[in-house]
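# Structure assessment
Residues per chain are reported as follows:
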Amino acid sequence: MIVGLTGGIGSGKTTILKYFKSLGVPVYIADDEAKTLMHHSKIIKQKLIELFGEEAYINNTLNRSYLASKIFNDKSLLAKMNAIVHPKVAEHFKKWYKKQNSPYVIKEAAIIFENNQQQYYDFIITVIADESLRIKRVIQRDGSSEEKIKSIINNQWSDEDKIKASDFIIFNNNLEEAKKQALKIHNSILEKLNH
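Keep in mind that what you see is a predicted model, and the values were worked out from it rather than measured.

## Quick word on the nonpolar core
By size, the foremost hydrophobic cluster in this structure holds 28 residues, and its most contacted members are Met-38, Leu-48, Phe-52, Leu-67, Met-81 and Val-85. Of all the secondary structure elements, the ones that give two or more residues to this core are α2 (30-40), α3 (42-52), α4 (64-71) and α5 (75-99). With 7 residues, α5 is the largest single contributor of residues to this core. In this structure Met-81 touches Met-38, Leu-48, Leu-51, Phe-52, Leu-67 and Ile-71, once residues within four positions along its chain are discounted. Within the second largest apolar cluster, 19 residues are counted, among which are Leu-17, Ile-125, Ala-182 and Ile-189.

## Here we look at the environment of Val-25
Relative to the helices and strands, Val-25 is located in the loop between α1 (13-22) and β2 (27-29). Owing to a relative accessible area of 4%, Val-25 belongs among the buried residues under this scheme. Along the sequence, Val-25 and Ile-112 sit 87 residues apart, while their C-alpha atoms lie 20 Å from each other. What Val-25 contacts, discounting residues up to four positions off in sequence, is Phe-20, Tyr-104, Val-105, Ile-106 and His-186.

## Things to note about the side chain of Asn-63
With respect to the helices, strands and loops of the structure, Asn-63 is situated in the loop between β4 (61-62) and α4. Note on Asn-63: relative accessible area 13%, which makes it buried. The residues contacting Asn-63, other than those within four sequence positions of it, are Glu-55, Ala-56, Tyr-57 and Ile-58.

Reading the values: rules and limits
Every chain is numbered independently, its residues counted from 1 as its sequence is written. For a predicted model such as this one, the threshold for reporting local features is a pLDDT of at least 70, and the threshold for listing and counting side-chain atom pairs is 80 or more; totals across whole chains, interfaces and linings nevertheless cover every residue. Side-chain metrics in this entry use all non-hydrogen atoms of the structure; hydrogen atoms and water are not considered. The term nonpolar core refers to a set of buried residues drawn from Ala, Val, Leu, Ile, Met, Phe, Trp, Tyr and Cys, joined through side-chain atoms within 4.5 Å. A simple rule labels every residue: compare its accessible area, found with a 1.4 Å probe on the protein chains alone, to the largest value its type can have, and call it buried under 20%, exposed over 50%, or partly exposed in between. Helix numbering and strand numbering both begin at the N terminus, where a helix is a DSSP run of H or I of at least 4 residues and a strand a DSSP run of E of at least 2. What makes two residues a contact is simply this: any of their non-hydrogen atoms within 4.5 Å.

Here it is as structure tokens:
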């Protein structure tokens, strides 16, 4: 069974994922794999250079800040980049998934709903947290400006919309409480599998 885990920037998806991993659930982080493939796949590299120009890579290394500046306010460029990267990530996930040997796996992807990918999951868990806390977390983590974080938040589905479309919700304002919720969800999924 494939369980999707999503949530807006700064909601604490990675922390919750680590907790599921500690319960023995195999986890797949789509963003990390996308970054790896953008660095190592010759096909992706070639297509990104065609799309963004030679500056997409500096000394054979992905120029992330350059790409970010290009796609930040250009949704069509972002969509074109995703069309290059996402199918490769999906292929990679399929191979990874076949090697797993557990009742269920979690695939973490920040924009399941935004990319209309819901149908690929048996269940979807959404991690949410108060916006002020999310902004504070991202500033601490990345040193991003509040304005930039708010712009990313505004490009993603609202928590209200995600809640309506999800099977499970984890409120992650307090980590200990969030872990209790995650454990409950874990047990609930295992129970559903046994019926």
